[in-house]
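Fold and geometry: a report
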Amino acid sequence: MLNAVYQLKRPRQFELVYQDITLDDQHVIVRPTHLSICNADQRYYQGNRPEEILNKKLPMALIHEAIGQVVYDPTATFAVGDRVVMIPNLPSEEDPVIAENYLRSSRFRASGTDGFLQEYIQTVPDRLVLLPEGINLTVAAFTELVSVSYHAIGRFFESAHARREAVAVWGDENLGYITSLLIKTMYPEIRLTVMGVNEAKLNDFTFADETFLVNRIPQDFAMDHAFECVGGNAAPRAINQIIDYIRPEGTIGILGVTEDPAPINTRMILEKGLRMIGSSRSGRKDFKGLVELYSSHPEVVDYLENIVGEQITIREIRDISKAFEMDIHKLIGKTVMVWDK
Amino acid sequence: MENSNVFGVVLAGGKGTRMGNVEKPKQFMEIGGKPILIHTIEKFVLNTEFEQVLVLSPKQWIKHTEDLIRRYIPTRDRIVVIEGGTTRNETIMNSIAYIEQQGRLNEDTVIVTHDSVRPFLTYRILEENIRYAREYGACDTVIAATDTIVESRDRASITDIPDRSTMYQGQTPQSFKAMHLRTLYQSLTEEEKQILTDACKILVIKGEQVHLVEGEVSNIKITYPYDLRVAEALLGGK
């Protein structure tokens, strides 16, 4: 079958190309239905990656956060019509120690290999996780992003020391919201503080115990551990502020992506004996765990509805461009593209 | 989908006379290492709305078509190969007769008819065909004309240049409420039947509405050797 693939040819220009898919007895075929735009997609779309990277990776279909409906499954793992979340990480080996999302041999959709902006996705059933019946599909569209937080929190608490009375999250945007929400849901006993730069956004963190603007953090404030969910140019300042406020031997989880190396106060990391844990992406285990959390704590899905920004119906390439342009000008929230059946 | 009352009708009747020296009908030519017809059938098979996908073939190519389907499509229980008719519209009538023989024909039955040699059909086009055929009774897939259309009745000089903004180029699918289409077709005279090469025109000359579905520039019909080269180029995605 000649599968329509909507590739980014060069920044701000999509192109429809076709790739052959052969129906066989091992691969499931999914029709993507709801696709969520990530900052990483925007960096390609706007051309905010170094030129050699753009030259190497484009043309490429964007989007690594998406759900879809099974249309063909010769493996009988799913029923036709099942709604599934698609895992963008594509491991090529199994390692008993290293997680699939850190294996250098793994590929990742919309980063070196085509993303979900395609007519159909052909995949092994292992890269699909069944969604709970009746789940809000717009929220489910960005399950991948939530799974990244879920994964980071899991790793973090595996190694952070046992005193966990106070945890702080730096970042008042989507990643900060999701990470804070999951921490409070999974560890309700923790006193959770959120630091941000926009008071209006911080007011939406109603589940947190307290919030502060980063320039108004009380001097005597301290926390046992912290997460950095800022990324970009502001990430170094956030990390250094965390280093200032964190108690000795605390752990700092780094989730924000920066394009340039970040200068950080290593002297104080040494003096306080701090640990830093980097986290990136997620794997099947995280998707499974998160979908179970959606079922056991449906209020998480309700809270996540707060960060749905625009929902844009797409039929063809110009609608996709429109969605990306609207996403650039959004104030907050995730932009979700919905295929008009 | 069981009992969806929507049938795919893949018209594979062409004998390929326009394809230069090629002997096989053009639907059996390969793109990306696979027969064009198979690419087209796969698009229908993956759309779960179709109760069945009927492939209409000239009698002498039925076995060959069935063999190819067996070779390339592992799950093929919804695909049926039946014999086409002498003209495009007779072929469509054969598909309706088949549906009737299965006891599945009623007023709401929708057929989505499509040229087997348009393998770049997309999911969206199929969906919109089903939707508009259900809603309006008939629809035709078109793209806005980019070239100016020039009419010449004597094939020597221009008789008219219609306003381009109102001109479209017809593609397929063309989709219909099957029973209604048949009733209208049967009301035509033999002469009219001979002239009508386009199924939508059956409705148009009877003054019935045919809704437009926006096609794709890439939804090309593979008719000439040049088209095969274009098709291979469209497949060029990295």
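Not measured: the values here are computed from a predicted model.

What counts and how
Residues numbered from 1 in each chain as written. Chains lettered and ligands numbered in written order. Predicted model: local features only at pLDDT ≥ 70, side-chain atom pairs only at ≥ 80, totals over all residues. Helix = DSSP H or I, 4+ residues; strand = E, 2+ residues; numbered from the N terminus. Rg over C-alpha atoms; globule rule 2.2 N^0.38 Å. Contact = placed C-beta atoms within 7 Å. Pairing = 2+ DSSP bridges. Axes fitted to C-alpha atoms, helices over the stretch in contact; angles between N-to-C directions. Nonpolar A, V, L, I, M, F, W, Y, C, P; charged D, E, K, R; others polar. Buried ≥ 20, exposed ≤ 12 C-beta atoms within 10 Å, placed from the backbone. Core = buried A, V, L, I, M, F, W, Y, C linked by C-beta atoms within 7 Å. Domains from an automatic or database assignment. Expected span 1.5 Å × (residues − 1). Left-handed = near helix turned anticlockwise from the far one by under 90°. Parallel < 35°, antiparallel > 145°, perpendicular 65-115°, else oblique.

**So, the overall build of chain A**
Helix and strand counts for chain A come out as 11 helices and 19 strands. Relative to the 2.2 N^0.38 estimate, which gives 20 Å for 341 residues, the radius of gyration of chain A is 20 Å and therefore close to what a compact globule would have. Projecting the C-alpha coordinates of chain A onto the three principal axes gives extents of approximately 65 × 40 × 40 Å. Of the contacts made within chain A by residues no fewer than 6 positions apart, 72% connect residues no fewer than 24 positions apart.

**Remarks on the sheet that holds strand 15 (residues 225-228) of chain A**
All names here are of chain A. Ordered by their spatial adjacency, 6 strands build an open sheet running 14-13-12-15-16-17, and the pairing between neighbours is parallel. The sheet terminates laterally at strand 14 (210-213) and strand 17 (275-278), the two strands that pair on one side only. Averaged over all adjacent pairs, the angle separating strand axes in this sheet is 20 degrees, with direction ignored. Set on the sheet, helix 7 (residues 235-245) makes contact with strand 12 (166-170), strand 15 and strand 16 (251-254); between it and strand 15 the angle comes to about 180 degrees.

**Comments concerning the interface of chain A and chain B**
Across the contact, 25 residues belong to chain A and 22 residues belong to chain B. Of all the elements in the fold, those that place two or more residues in the side of chain A that touches chain B are strand 1 (2-10), strand 2 (13-20), strand 3 (28-36) and strand 5 (65-72) of chain A. Looking at the side of chain A that touches chain B, the element that brings in the most residues is strand 2 of chain A, giving 5 residues. Considering only residue class, the side of chain A that touches chain B consists of 15 nonpolar, 3 polar and 7 charged.

**Some remarks on the pairing of strand 2 of chain A**
Residues and elements named next belong to chain A. Here strand 1 runs beside strand 2; their pairing, made up of 8 bridges, is antiparallel. What sits directly across from Tyr 6, in strand 2, is Leu 16. Hairpin connection between strand 1 and strand 2: a loop of 2 residues separates the two successive antiparallel strands, and Arg 12 in this loop has a positive phi of roughly 70 degrees.

**A short note on the sheet that holds strand 4 (residues 60-61) of chain A**
All names here are of chain A. A sheet is described by the order of its strands in space; here 3 strands give the open sequence 2-1-4, paired in antiparallel fashion. In the strand order of this sheet, the two ends are held by strand 2 and strand 4, each with one partner. Alignment of strand 1 against strand 4, held across 2 bridges, turns out to be antiparallel. Its bridge partner being in strand 4, Leu 8 is matched across the sheet by Met 60. Seen against the sheet, helix 11 (residues 317-328) touches strand 1 and strand 2 and runs at an angle of roughly 130 degrees to strand 2.

**Some thoughts on helix 1 (residues 36-45) of chain B**
An α-helix turns once every 3.6 residues. As a result, residues three or four positions apart point the same way. Counted residue by residue, helix 1 of chain B has 10 buried out of 10 residues, so it is predominantly covered. Here helix 1 of chain B has its buried residues at Ile 36, Leu 37, Ile 38, His 39, Thr 40, Ile 41, Glu 42, Lys 43, Phe 44 and Val 45 of chain B.

**Quick look at the nonpolar core**
Formed by 149 residues in total, the largest nonpolar core has its most connected members in Val 30, Met 86 and Trp 170 of chain A together with Val 10 and Ile 41 of chain B. With 7 residues, the single largest contributor to this core is helix 4 (residues 143-159) of chain A. Summarising the domain contributions, this core has at least three residues from each of domain 1 (2-144 + 308-339) and domain 2 (147-278) of chain A. With residues up to four places along the chain from it excluded, the contact list for Ile 41 of chain B reads Val 10, Val 53, Val 55, Ile 69, Ile 73 and Ile 79 of chain B.

**Quick notes on helix 3 (residues 88-101) of chain B**
Residue and element names in this part refer to chain B. The end-to-end C-alpha separation of helix 3 is 20 Å, in line with the 20 Å expected for 14 residues at 1.5 Å each. When helix 3 is considered as a whole, its buried residues turn out to be Arg 88, Asn 89, Thr 91, Ile 92, Met 93, Ser 95, Ile 96 and Ile 99. Looking at the buried positions of helix 3, the neighbouring elements they touch are strand 1 (6-11), strand 4 (52-57), strand 6 (110-115), helix 5 (178-186), helix 6 (190-195) and helix 7 (199-205). In the stretch just after helix 3, Gly 103 is the one whose phi turns positive, near 75 degrees.

**Considerations on the packing of helix 1 of chain B against helix 2 (residues 62-72) of chain B**
Residue and element names in this part refer to chain B. One way to put it is that helix 1 packs onto helix 2 with a least axis distance of 10 Å and a crossing angle of 65 degrees. As helix 1 runs across helix 2, the sense of the crossing is right-handed. From helix 1, Leu 37, Ile 38 and Ile 41 reach across to helix 2, where they touch Thr 65, Leu 68, Ile 69 and Tyr 72. For the contact of helix 1 with helix 2, the residue count by class is 6 nonpolar, 1 polar and no charged.

**Focus on the domain arrangement of chain A**
By domain assignment, chain A separates into domain 1 (2-144 + 308-339) and domain 2 (147-278). Each partner contributes residues to the interface: domain 1 of chain A has 4 residues there, and domain 2 of chain A has 5 residues.

**Observations regarding the environment of Tyr 72 of chain B**
Residues and elements named next belong to chain B. Within the element layout of this structure, Tyr 72 appears in helix 2. The partly exposed category is assigned to Tyr 72, around which 19 C-beta atoms lie within 10 Å. Expressed as a C-alpha distance, the spacing of Tyr 72 and His 39, which sit 33 residues apart in the sequence, is 9.5 Å. If we skip the residues at most four places from it in the chain, Tyr 72 touches Lys 34 and Ile 38.

**Describing the environment of Glu 100 of chain A**
Residue and element names in this part refer to chain A. Tracing the backbone through its elements, the reader meets Glu 100 in the loop between strand 7 (89-90) and strand 8 (107-109). Taking the C-alpha atoms as reference, Glu 100 lies 21 Å from Leu 293; in sequence the two are 193 residues apart. Beyond its immediate stretch of four places on either side in the chain, Glu 100 contacts Asn 89, Pro 91, Ser 106, Gly 283 and Arg 284.

**Focus on the packing of helix 4 of chain A against helix 9 (residues 284-296) of chain A**
All names here are of chain A. Where helix 4 contacts helix 9, the two axes come as close as 9 Å, and the packing angle between them is 100 degrees. In terms of orientation, helix 4 and helix 9 fall into the roughly perpendicular class. Across the interface between the two elements, Thr 143, Val 146, Ser 147, Tyr 150 and His 151 from helix 4 touch Asp 286, Phe 287, Gly 289 and Leu 290 from helix 9. Class assignment of the residues belonging to the contact of helix 4 with helix 9 gives a composition of 4 nonpolar, 4 polar and 1 charged.

**Points about unusual backbone geometry**
Cis geometry marks the peptide bond from Leu 58 of chain A to Pro 59 of chain A; its omega dihedral reads -5 degrees. Mapping Pro 59 of chain A onto the fold places it in the loop between helix 2 (51-57) and strand 4. A cis amide bond links Thr 172 of chain B to the next residue, Pro 173 of chain B, at an omega of 15 degrees. Inspection of the secondary structure assignment puts Pro 173 of chain B in strand 8 (residues 168-177). The backbone of Arg 12 of chain A shows a phi angle near 70 degrees, a positive value even though the residue is not glycine.

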